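Summary of structural features
Now for the letters of each chain:
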Amino acid sequence: MSFLGEDYLLETDAARELYDTIADLPIVDPHTHADVAEIVENDGWDDVWEVEAATDHYVWALMRDCGVDEELITGDASNREKWTALAEVFPQFAGNPTYEWVHLDLRRRFGIEKRISAETADEIWAETSAQIADESMRPQQLLEAMNVDVVGSTDDPTDDLAYHERAADEVPGVDIVPTWRADRAVKIDRLEWTTFVDDLEAATGIETDAFDGFCEALAATHDYFDERGCRASDLGIEQPVSRPVSERRAREVFRRRIAGGSLSERAVGDFQAFLFEFVGELNAEKDWVTQLHLGPVRNYRDELFERLGPAGGDISTQNVELAGSLEHFVNEFDGETEIVLYAIDPTHYPTVATMARVFPHVTVGPAWWFNDSPFGVEQQLEYVGTVELLSQHAGMVSDSRKLLSYGSRFEMFRRSLANVVGKQVERGQVPMDVAQDLVERLAYERPNELYGF
């Protein structure tokens, strides 16, 4: 099989037939880290480093792993120097999905089939630079070329959505919808939480130094997002906490934190549990999807965080308890809101999948972060399909910080999906016509249905 050839990831005749069914379907991407201003302004980029690596912490982490100096990753070196450093170590990325994604970008968007290496670095730089200057390589034109229907951005409750408003009028053919990301509101134990409280007051004009005002202001941002097309909230947290907590208790914890007092682990958990349920109530009222990204241990490498801040030093851990910690929430909102669970550690798939089997409104989210490789996607789809219903899986999200990845990541997912279901066809488990309906559902119909696009 040739590198990234026609049969890339497709191991059976049935897989090839299934992939042909879904290859050209529009992309619906509910969860990205899109730069909406970049899309609306439509100025484009200057060079291939800016397109492929300037915002991609996957690339950064692998370059560090190969011993590249930080100056040539996030430092003050020129983009040409950074690209050269990346190209020199890029062959060492082989076997990691980043090796495939970036090469897919070059092939599908630039028509370049050269493999990235020290020997080809200058040629690829020159060829891509010539093309990047063309209007066809600007963000809006690329979204059209990749057949993107929906882009879900990730936005802080205090964000101004002016660019989303402009996108509705100025970006034809694509729905760019905000997502209300509540991390800063919930994490009362962080030093920067009080900064969020101040930002919330500035954004809404509602005084937030008292608990009632804080909740009122948070609800006001929820309304603001809803009026601008938001269909989902998101919360990224290492260890979720859900349990019944009174408003009186939450107000007491809030008051202590605002006054500068220290909080016990129990107090932090109580506040998080109350706010978690408060967000669920807001979502249920507006028929939003509640997305939970569970388990990442943020900024694990101290030296990296102290020098650069959040810059890709995160890990996963098995040491996250989900069944007990989510029990109150999924029961409280049973049938009231769609809940999508993303697990960063694959050892949590059994809990997530069986939870989705028991609760019709709980959905297994896509293989996320360290798992969004052909291996990780196929492993998850095979497991979910035997425990839950594959037809009820959430489908795919790119989770990408760079626009060109929408096409390559969705292609990788669709090929992996076709391969998984194709094997079932070849083994006589699923008839071909049913298999075609199944892959079409996961590739396009299911996310539209789930998020109400």
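Look up a bit, the structure's there.
Residues numbered from 1 in each chain as written. Predicted model: local features only at pLDDT ≥ 70, side-chain atom pairs only at ≥ 80, totals over all residues. Heavy atoms only, no water.

Here we look at the overall build of the chain
When helices and strands are tallied, the chain shows 20 helices and eight strands. For the chain, the C-alpha radius of gyration of 22 Å lies close to 22 Å, the compact-globule estimate for 453 residues. Oriented by its inertia axes, the alpha-carbon framework of the chain measures out at about 65 × 55 × 45 Å. The buried share of the chain, reckoned over its 453 residues, is 57%. Taking the intrachain contacts of the chain between residues at least 6 apart in sequence as the baseline, contacts between residues at least 24 apart amount to 76%. On the chain, roughly 18900 Å² of surface is accessible, and the fraction owed to carbon and sulfur atoms is 44%. In the chain, 39 positive and 89 negative side-chain charges are present, and the distance between their average locations comes to 4 Å. (Helix = DSSP H or I, 4+ residues; strand = E, 2+ residues; numbered from the N terminus. Rg over C-alpha atoms; globule rule 2.2 N^0.38 Å. Buried < 20%, exposed > 50% of the residue type's maximum accessible area, 1.4 Å probe, protein only. Contact = heavy atoms within 4.5 Å. Areas by Shrake-Rupley, 256 points an atom, 1.4 Å probe, with all protein chains shown as cover. Lys, Arg positive; Asp, Glu negative; His and termini not counted. Charge placed at Lys NZ, Arg CZ, Asp CG, Glu CD.)

Looking at the packing of helix H6 (residues 97-110) against helix H7 (residues 121-132)
At their nearest, the axes of H6 and H7 sit 12 Å apart, and the two run at 45° to each other. By the angle class used here, H6 and H7 are oblique. For the pair H6 and H7, the sense of crossing is left-handed. Each of Leu-106, Arg-109 and Phe-110 in H6 lies in contact with H7, whose residues at this interface are Ile-124, Thr-128, Gln-131 and Ile-132. (Axes fitted to C-alpha atoms, helices over the stretch in contact; angles between N-to-C directions. Parallel < 35°, antiparallel > 145°, perpendicular 65-115°, else oblique. Left-handed = near helix turned anticlockwise from the far one by under 90°.)

A closer look at the layout of surface pockets
The computed volume of the largest pocket comes to approximately 830 Å³. Lining of the largest pocket is provided by 28 residues; of these, Arg-181, Asp-183, Arg-298, Pro-310 and Arg-401 occupy positions nearest its centre. Mapped by element, the contributors of at least two residues to the lining of the largest pocket are helix H4 (57-65) and helix H10 (183-186). At three residues, the largest contribution of residues to the lining of the largest pocket is made by H4. Here the residues of the lining of the largest pocket are counted per class, giving eight nonpolar, eight polar and 12 charged. Considered as a void within the structure, the second largest pocket measures approximately 420 Å³ in volume. The wall of the second largest pocket is formed by 21 residues, among which Tyr-58, Ala-61, Leu-62, Gly-312 and Phe-370 lie closest to the centre. Secondary-structure elements contributing two or more residues to the lining of the second largest pocket are H4 and H6. (1 Å grid on protein atoms, 1.4 Å probe; cavity = no way out; pocket = protein on both sides within 12 Å on 5 of 7 lines; lining within 4 Å. Points joined across faces, edges and corners; volume = space filled by probe spheres on them. Nonpolar A, V, L, I, M, F, W, Y, C, P; charged D, E, K, R; others polar.)

As for the sheet that holds strand S3 (residues 175-177)
In spatial order, the strands read S1-S2-S3; together these three strands make up an open sheet with parallel pairing. Where the open sheet ends on each side, the last strands, each with one partner, are strand S1 (27-29) and S3. Here the strands of the sheet are splayed against their neighbours by 10° on average, with no regard to which way each runs. Sheet topology note: the strand S2 (residues 148-152)/S3 ladder contains three bridges and is parallel. Of the residues in S3, the one forming a bridge with Gly-152 is Val-177. Together, S1 and S2 form the strand contacts of helix H19 (residues 405-426), whose direction differs from that of S1 by roughly 100°. (Pairing = 2+ DSSP bridges.)

Some remarks on helix H17 (residues 349-358)
Looking at H17, one finds that the buried residues are Tyr-349, Val-352, Ala-353, Met-355 and Ala-356. Buried residues of H17, viewed axially, fall in a sector of 160°; they line one side. Exposed and oriented more than 90 degrees from the buried face of H17 are Arg-357 and Val-358. Looking at the packing, one finds that the buried side of H17 touches helix H16 (323-332), strand S7 (339-343), strand S8 (362-364) and helix H18 (374-387). (Arc of directions from axis to C-beta.)

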